Amino acid sequence: MDISVVIPLFNKKDTIAVTLGSVMGQTYPPGEIVVVDDGSTDGCEAVVESMHIPNLRLVHQKNAGVSAARNHGVSLARSEWVAFIDGDDEWLPGFLKTISGLHEAFPDHDVYATAYFAGDYLGNKRAITLNRVPFSGEQGVLDNYFEVGSCSDPPLWSSAICVRKQAMQEIGGFPLNVKSGEDLLTWARLAVRKPPVYSTRPLAVFWQEKAHTYDDKPNRTPERDDPVGKGLAALKTIPGAEVRHLGRYLSMWHKMRSSIYLRLGQRHKALPEIIKGLRHQPTNGKLYIYLLLCSMPQAITRKVFKRFGR
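In this text the structure is predicted, and so the values were computed from the model without any measurement.

1. Here we look at the nonpolar core
Then comes step 1: Among the nonpolar cores identified, the biggest contains 73 residues, and L20, I33, F84, W91, W187 and L232 are the most heavily contacted of them.
Then comes step 2: The residues contacting I33, other than those within four sequence positions of it, are V5, I7, L20, V23, M24, I53, N55, L56 and R57.
Then comes step 3: Formed by 10 residues, the second largest nonpolar core is a distinct cluster that contains A270, L278, L287 and Y290.

2. Description of the sheet that holds strand β5 (residues 90–91)
Sheets are built from strands that pair by backbone hydrogen bonding, the pairs being arranged parallel or antiparallel.
Then comes step 1: Read from one edge of the open sheet, four strands run β5-β12-β7-β8, paired in mixed fashion. The sheet is open, and its two edges are formed by β5 and β8 (125–127), each paired on a single side.
Then comes step 2: Across three bridges, the pairing between strand β7 (residues 117–119) and strand β12 (residues 204–207) is parallel. When the bridges of β12 are listed, A118 appears paired with F206.

3. Thoughts on empty space enclosed by the protein
Then comes step 1: Throughout the structure, instances matching the rule amount to one cavity of 30 Å³ or more.
Then comes step 2: The computed volume of the largest cavity comes to approximately 50 Å³.
Then comes step 3: In terms of lining residues, the largest cavity is bounded by L142, D143, N144, Y145, F146, A191, P195, E242 and R244.
Then comes step 4: In terms of residue class, the lining of the largest cavity is built from five nonpolar, one polar and three charged.

Rules behind the numbers
- Residues numbered from 1 in each chain as written.
- Predicted model: local features only at pLDDT ≥ 70, side-chain atom pairs only at ≥ 80, totals over all residues.
- Heavy atoms only, no water.
- Core = buried A, V, L, I, M, F, W, Y, C linked by side-chain atoms within 4.5 Å.
- Buried < 20%, exposed > 50% of the residue type's maximum accessible area, 1.4 Å probe, protein only.
- Contact = heavy atoms within 4.5 Å.
- Pairing = 2+ DSSP bridges.
- Helix = DSSP H or I, 4+ residues; strand = E, 2+ residues; numbered from the N terminus.
- 1 Å grid on protein atoms, 1.4 Å probe; cavity = no way out; pocket = protein on both sides within 12 Å on 5 of 7 lines; lining within 4 Å.
- Points joined across faces, edges and corners; volume = space filled by probe spheres on them.
- Nonpolar A, V, L, I, M, F, W, Y, C, P; charged D, E, K, R; others polar.

This is how it looks when you write it as structure tokens:
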């Protein structure tokens, strides 16, 4: 299994060396590394060049966003398989070896991925929560992807996944002009075609910003026209698509959007998202809590999210 590694890079001067070090430290070496500099202004591309990695290609583009950078990297990849990692995340040494083992055990799939650690700005790490995984043991096929995704941390994440290049191209790559959730929609589009193969062993680290830990306000507002929600709903219209539990997944998506609005104090925007989420899954208990929070002082809302978070 020959794997190209694609790294979208934008102003990650302080972290890119650690990311590249984790790629070079793999016990199963990649065939190549493609770093796509998305118009950085902090000099991070010079850090990449100074490392003198022999199988690395550094290419440049005008700033067009992470989706465009990843798509550019995929188009340049020489291998049949593409693994993604962002310029501020890390792989544990056995990540690519595990991906190769998953492919060997389940060769007829398009997506291979592992669990991961969520790391905060203080350096703490926790393994993600996974519920309703359909197989026993450490690895298997996530044939109920939307069910797992609706009641867990996101099982698929952009720095712990390897995808067949042709499959990525067939779905049109990552959607452009989407500010948040572009990767979530991409993995969903792949999952309805053929279920992903998965290892529950965490082998990557997602280093999150302060806002992700509920110690600060969210750093972005949900997009008004909700292209991700519309894209997820459109999956129901694909003939033969595996969409079991997609309604629950959509409920989760609207819950995420409503939680951001609540944390920003925008209750008038949170309420429609809560209602949409309940339409998709009337039994989603957290949304009833969010309804209650809509009538509470903002100080209480902050305390609830700080204490209970996810």
